[in-house]
Amino acid sequence: MQGKIIKGIAGFYYVHVVESGVYECKAKGIFRKEKIKPLVGDCVDIKVLDDIEKEGNIVEILLRKNELIRPAAANIDQALVVFAVSNPEPHFNLLDRFLVMMESKEIPVILCFNKKDIAAQPELAQIREIYQACGYEVVFTSALKKENMEPVRKLLEGKATVIAGPSGVGKSSLINLLQTEVQMETGSISEKIGRGKHTTRHSELIAINENSYIMDTPGFSSLYVNEFDKGELKYYFREFAPYEGKCRFVGCNHVHEPGCLVKEAVEAGKIHSIRYEDYLEMYRELQERKRY
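The rules we used
- Residues numbered from 1 in each chain as written.
- Predicted model: local features only at pLDDT ≥ 70, side-chain atom pairs only at ≥ 80, totals over all residues.
- Heavy atoms only, no water.
- Axes fitted to C-alpha atoms, helices over the stretch in contact; angles between N-to-C directions.
- Helix = DSSP H or I, 4+ residues; strand = E, 2+ residues; numbered from the N terminus.
- Parallel < 35°, antiparallel > 145°, perpendicular 65-115°, else oblique.
- Left-handed = near helix turned anticlockwise from the far one by under 90°.
- Contact = heavy atoms within 4.5 Å.
- Nonpolar A, V, L, I, M, F, W, Y, C, P; charged D, E, K, R; others polar.
- Polar contact = N/O pair within 3.5 Å; in protein donor to acceptor, adjacent residues only side chain to side chain.
- Buried < 20%, exposed > 50% of the residue type's maximum accessible area, 1.4 Å probe, protein only.
- Pairing = 2+ DSSP bridges.
- Right-handed = clockwise from strand over helix to strand, strands pointing away.
- Phe/Tyr/Trp six-rings, centres within 6.5 Å; stacked < 30°, edge-to-face > 60°.
- Expected span 1.5 Å × (residues − 1).
- Arc of directions from axis to C-beta.

**Some thoughts on the packing of helix H2 (residues 92–104) against helix H3 (residues 121–132)**
Thinking step 1. With their axes 13 Å apart at the nearest point, H2 and H3 run at an angle of 30° to one another. Between H2 and H3, the angle is such that the two are roughly parallel. Remark: the crossing between H2 and H3 carries right-handed chirality. Each of Phe-92, Leu-95, Asp-96 and Leu-99 in H2 lies in contact with H3, whose residues at this interface are Gln-126, Ile-127, Ile-130 and Tyr-131.
Thinking step 2. Looking at the contact of H2 with H3, its residues break down into 6 nonpolar, 1 polar and 1 charged.

As structure tokens, this is what we get:
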């Protein structure tokens, strides 16, 4: 019997089988031996142990279209990355790391900036300037006021979308507005450190309608870029593409090289300095990693 993993908690995987319901399954020992971990979104074959109690074993994980480790998910069509415009202030470096990870996996990204009801126009304008200029789809929402939810629903139609973002940005509130099947626990902002409290403790696939799914994931506070060589990093910044291969030196990494068109574009304001500074920080991390 074939189904899709919709949730995984403490070694149990909940597999949805069309027209049969959800089965609570354990993964065969061979997966642990081969260090293969089933992921939410995986299409799997299961062996039914008890049809009344809906229990079974996962016996095979079918070929994945793609795979994310953090957040843990498989077979994703796109990512909806949620940050707040304010309270907490957007952490652009963290956002750019997530975008790099998605670009490296060739997963399209929609950027959702929540809490527009408490944002000033300069804050909204800066975000548009940074990310719409790179070619990313940007939408501003207010979960509190239920504003701009319909455009988000249209962007999710017919897709399996992973929803990710740091704690305290209103991610769970948005998910509660997008569907009615599962009500997520919402958290509050810690006054002491200005960050959100984690409310999602596991990844879960939730149906919006018969052909649209959203996958909630635990909040993340840091991402380390370490899955590729420093020379690849430049290809994951979209705004560098028009200048690629046109710098003075072949293979220019847009860091120290003279005659670099990317650096000239930054100085001319054609590439935003925030994005370029984040690129430099990630590049240096990869450089340090190579030394050790």
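Resuming the write-up.
**Observations concerning the environment of Glu-285**
Thinking step 1. Structurally, Glu-285 is set in helix H7 (residues 273–291).
Thinking step 2. Counting along the chain gives 55 residues from Glu-285 to Lys-230, while the straight-line C-alpha distance between them is 8.6 Å.
Thinking step 3. Among the polar contacts listed, one links the side chain of Glu-285 to the side chain of Arg-97, at a separation of 2.5 Å.

**Here we look at the environment of Asn-93**
Thinking step 1. If you trace the backbone, Asn-93 turns up in helix H2.
Thinking step 2. Exposure remark for Asn-93: the relative accessible area of 12% places this residue in the buried category.
Thinking step 3. C-alpha separation for the pair Asn-93 and Glu-281, spaced 188 residues apart in sequence, amounts to 8.9 Å.

**Quick notes on the pairing of strand E10 (residues 137–140)**
Across a regular strand the side chains alternate sides, sitting on one face of the sheet and then on the other.
Thinking step 1. Pairing geometry for strand E9 (residues 109–114) and E10, over 4 bridges, is parallel. Bridge pairing in E10 links Ile-110 to Glu-137.
Thinking step 2. Of the crossover connections in this fold, the one passing from E9 over H3 to the parallel E10 is right-handed.

**Thoughts on the packing of aromatic side chains**
Thinking step 1. The full count for this structure, using the stated rule, is 8 aromatic pairs.
Thinking step 2. When the centroid spacing of 6.1 Å and the interplanar angle of 35° are considered together, the rings of Phe-92 and Tyr-131 count as tilted. On the criterion of sequence distance, the pair formed by Phe-92 in helix H2 and Tyr-131 in helix H3 is long-range, its members being 39 residues apart.
Thinking step 3. For Phe-92, a relative accessible area of 13% gives the class buried.
Thinking step 4. Accessibility expressed as a relative area gives 0% for Tyr-131, which makes it buried.
Thinking step 5. Aromatic pair Tyr-279 and Tyr-283: ring centres 6.1 Å apart, planes at 40°, arrangement tilted. Residue Tyr-279 and its partner Tyr-283 are both found in helix H7; the two are separated by 4 residues, about one turn of the helix. With respect to class, Tyr-279 is no different from Tyr-283; both count as buried.

**A short note on H3**
Thinking step 1. Helix length check: H3, at 12 residues, gives a terminal C-alpha distance of 16 Å against a target of 16 Å (1.5 Å per residue), a fit within 8%.
Thinking step 2. Those residues of H3 not exposed but buried are Leu-124, Ile-127, Ile-130 and Tyr-131. Around the axis of H3, the buried residues are gathered within 135° of arc, so they sit on the same side. The outward face of H3, more than 90 degrees from its buried face, is lined by the exposed residues Gln-121, Pro-122 and Glu-129.

**Here's the deal with unusual backbone geometry**
Thinking step 1. In this chain, Asn-87 is followed by Pro-88 through a cis amide linkage whose omega measures 5°.
Thinking step 2. With respect to the helices and strands, Pro-88 occurs in the loop between strand E8 (78–84) and H2.
Thinking step 3. The phi dihedral of Lys-35 is positive, around 55°, even though this residue is not glycine.
Thinking step 4. Of the residues examined, Lys-35 reaches a relative accessible area of 78% and is grouped as exposed.
Thinking step 5. The backbone phi angle of Lys-115 is positive, close to 70°, even though this residue is not glycine.
Thinking step 6. Following the sequence through the fold, Lys-115 ends up in the loop between E9 and H3.

**Some words on helix H4 (residues 149–156)**
Thinking step 1. By the burial criterion, the buried members of H4 are Met-149, Val-152 and Leu-156. Down the axis of H4, the buried set is contained in an arc of 60°. They therefore lie on one face.
Thinking step 2. For H4, the secondary structure elements touched by its buried residues are E8, E10, strand E11 (160–164), helix H5 (171–178), strand E12 (204–209) and strand E13 (212–216).
Thinking step 3. Immediately beyond the C-terminal end of H4, within one or two residues, lies Gly-158, with a positive phi of roughly 75°.

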